[in-house]
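Report on the structure
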Amino acid sequence: ATKQFDGLTANEAYEFPMMVKSFQSTYWDAAQEGMKKAAEELGVTYTPQGPNSESDIADQVNMINTAIASNPKGIGIAACDTSSVLDALQTCADKGIPVVTFDTGIADAPEGSVVCEVCTDNAQAGAEAATHMYDAIKDVVANADGQVVIGEVNQDATAQNIQQRGGGFIDKMIELLQADGKTVAVVGNDFYVNQVKDNGDQASADVVLEVAVPAQTTVELCSNEAQAILSKENCIAIFGSNQTAAEGVLAANANLNVLGSDAANGDVIGVGFDAGSIIKAAVTDGTFLGAVTQSPLMMGYYAIYALTAAANGQELEDVPTDGYWYDSTNINDESIAPNLYD
């Protein structure tokens, strides 16, 4: 998918508005580093814009509409809420402004609006978290004499990337547990529960996957949800599916002190997602077993490449980027470290 950019040069000095989800998160700083690198290579410019937080959906929509009104040669959008930008995308389609979505795909985008999607394969990334978690807990599950609980905290049920990641984790965990002869039930947030194709019975299940979504996307509210799950005697593991949710899990653990890397010794196994100094420290000291990182750097980088190609009139195919597992053993590897923004 990246071969389509081989030998690319800009036909003119394009300027692209780039809509990020928030200006407060280091994740989006890393994406902008990627944009900067690509813009320098291609001889184009870009203007990063975004609301204060990922919950400020209306603010982002206003910024997008203002950018479209100036008739840019293309626009990059990481949507806080995919349903909120559909009218704006229709305007882009009508005006012939190519849109590249990055970080979050938009499943029901109007025909002719989105020319390329540059996103993590989120189902793969969620499954990656489940696989590593299961390796650490499977003996505990096998030897349990009663029902055990595995928690998942998702910051929302509205953004497609979080939906796919949460779902990818659940599907893979069910598959791994059932392969070892265990029965599983998924409880909690309706959106995620309803995605499960064949849900088990909560009363009799060997393993309950409990999925929590806070009322708003804040670390504090994610922490409250995590604390409710971690407080259960039979909770053996928990997954926070992005930076906010994972930091929430760690904040909850500050009160409870149950996380660690030795499941056989009774530690609850925590797995995070994304990076930032708090999560990296928890992975390094063994509070978290590990985490899955995306490559915000490469998403920003390829979004600028895709916009430049689109402005040149090139037809494009989507660019999926991988999620990578990291733990205390490989956190400094050359293939991992550049994506672990602070």
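In what follows, the accompanying structure is described. Note that the coordinates shown come from a computational prediction; the quantities given were computed from them, not determined experimentally.

In this structure, the largest pocket occupies an estimated 420 Å³ of space. Surrounding the largest pocket, 24 residues form its lining, Ser22, Ser25, Glu54, Gln155 and Thr244 being those nearest its centre. Contributing elements (two or more residues each) for the lining of the largest pocket: helix 1 (26-42), helix 5 (160-179) and helix 8 (243-256). Here the lining of the largest pocket is built from residues that sort into four nonpolar, 14 polar and six charged. Its volume calculated, the second largest pocket comes out at about 260 Å³. Along the wall of the second largest pocket there are 17 residues; nearest its centre are Val140, Cys235, Ile236, Ala263 and Gly266.

Attention shifts here to the packing of helix 1 against helix 10 (residues 296-311). For the pair helix 1 and helix 10, the least separation of the axes is 6 Å and the interaxial angle reads 40°. In terms of axis orientation, helix 1 runs oblique to helix 10. Here helix 1 and helix 10 pass one another in a crossing that is right-handed. Contact with helix 1, carried on its side by Tyr27, Ala30, Ala31, Glu33, Gly34, Met35, Lys37, Ala38, Ala39, Glu41 and Leu42, involves Pro296, Leu297, Met299, Gly300, Tyr301, Ile304, Tyr305 and Thr308 of helix 10 and no other residues of that element. Here the residues of the contact of helix 1 with helix 10 are counted per class, giving 13 nonpolar, three polar and three charged.

In this section: the packing of aromatic side chains. In total, this model carries ten aromatic pairs according to the counting rule given. Consider the rings of Phe5 and Tyr305, whose centres lie 5.8 Å apart with planes at 55°: the pair is tilted. Of this pair, Phe5 sits in the segment before strand 1 (15-19) while Tyr305 sits in helix 10, and the two are 300 residues apart along the sequence. Both residues of the pair, Phe5 and Tyr305, count as buried. Each ring, one from Tyr27 and one from Trp28, has its centre 5.0 Å from the other, and the planes form 75°; the classification is edge-to-face. The exposure class assigned to Tyr27 is buried, which follows from its relative accessible area of 5%. Trp28 gets classed as buried once you look at its relative accessible area, which sits at 1%. Here a set of aromatic residues connected by ring pairs shows up, and it is made of Phe5, Tyr301, Tyr302 and Tyr305.

Right, let's get into the sheet that holds strand 7 (residues 184-188). Spatial ordering of the open sheet is given by 7-8-6-9-10-11-13, a layout of seven strands whose pairing is mixed. In the strand order of this sheet, the two ends are held by strand 7 and strand 13 (324-326), each with one partner. On average, each strand axis in the sheet is inclined to that of its neighbour by 20°, with strand direction left out of account. Of the pairings in the sheet, the one linking strand 10 (residues 269-273) to strand 11 (residues 290-293) comprises three bridges and is parallel in character.

Of all six residues in strand 8 (residues 207-212), six are buried; the element is thus mostly enclosed. Where burial is concerned, the two faces of strand 8 agree: the one with Val207, Leu209 and Val211 and the one with Val208, Glu210 and Ala212 are both buried. Pairing analysis gives six bridges linking strand 6 (residues 148-153) to strand 8, with the strands arranged parallel. Bridge pairing in strand 8 links Val148 to Val207. Following the chain from strand 7 across helix 6 (residues 190-195) to the adjacent parallel strand 8, one finds a crossover that is left-handed.

All right, on to helix 2 (residues 57-69) then. In this model, helix 2 (13 residues) spans 19 Å end to end at C-alpha, consistent with the 18 Å of a helix rising 1.5 Å per residue. If you check which residues of helix 2 are buried, you get Gln60, Val61, Ile64, Ala67 and Ile68. What you see down the axis of helix 2 is that its buried residues fit within an arc of 125°, all on one side. For helix 2, the exposed residues set more than 90 degrees away from the buried face come down to Ala58, Thr66 and Ala69. For helix 2, the secondary structure elements touched by its buried residues are strand 1, strand 3 (75-77) and helix 3 (86-95). Positive phi appears at Asn71, one or two residues downstream of helix 2, with a value of about 50°.

Let us look at the nonpolar core. One finds Phe5, Phe102, Phe288 and Tyr326 to be the most contacted residues of the largest nonpolar core, which totals 61 residues. No other element matches the ten residues that helix 10 contributes to this core. Each residue touching Tyr326, except ones within four places of it in the same chain, is listed here: Asp274, Ala275, Ile279, Lys280, Val283, Gly290, Ala291, Val292, Thr293, Ile331, Ile336 and Leu340. Listed in part, the 36 residues of the second largest apolar core include Met133, Val211, Ile269 and Val292.

The rules behind the values
- Residues numbered from 1 in each chain as written.
- Predicted model: local features only at pLDDT ≥ 70, side-chain atom pairs only at ≥ 80, totals over all residues.
- Heavy atoms only, no water.
- 1 Å grid on protein atoms, 1.4 Å probe; cavity = no way out; pocket = protein on both sides within 12 Å on 5 of 7 lines; lining within 4 Å.
- Points joined across faces, edges and corners; volume = space filled by probe spheres on them.
- Helix = DSSP H or I, 4+ residues; strand = E, 2+ residues; numbered from the N terminus.
- Nonpolar A, V, L, I, M, F, W, Y, C, P; charged D, E, K, R; others polar.
- Axes fitted to C-alpha atoms, helices over the stretch in contact; angles between N-to-C directions.
- Parallel < 35°, antiparallel > 145°, perpendicular 65-115°, else oblique.
- Left-handed = near helix turned anticlockwise from the far one by under 90°.
- Contact = heavy atoms within 4.5 Å.
- Phe/Tyr/Trp six-rings, centres within 6.5 Å; stacked < 30°, edge-to-face > 60°.
- Buried < 20%, exposed > 50% of the residue type's maximum accessible area, 1.4 Å probe, protein only.
- Pairing = 2+ DSSP bridges.
- Right-handed = clockwise from strand over helix to strand, strands pointing away.
- Expected span 1.5 Å × (residues − 1).
- Arc of directions from axis to C-beta.
- Core = buried A, V, L, I, M, F, W, Y, C linked by side-chain atoms within 4.5 Å.

Just geometry here; none of it tells us what the structure is for.
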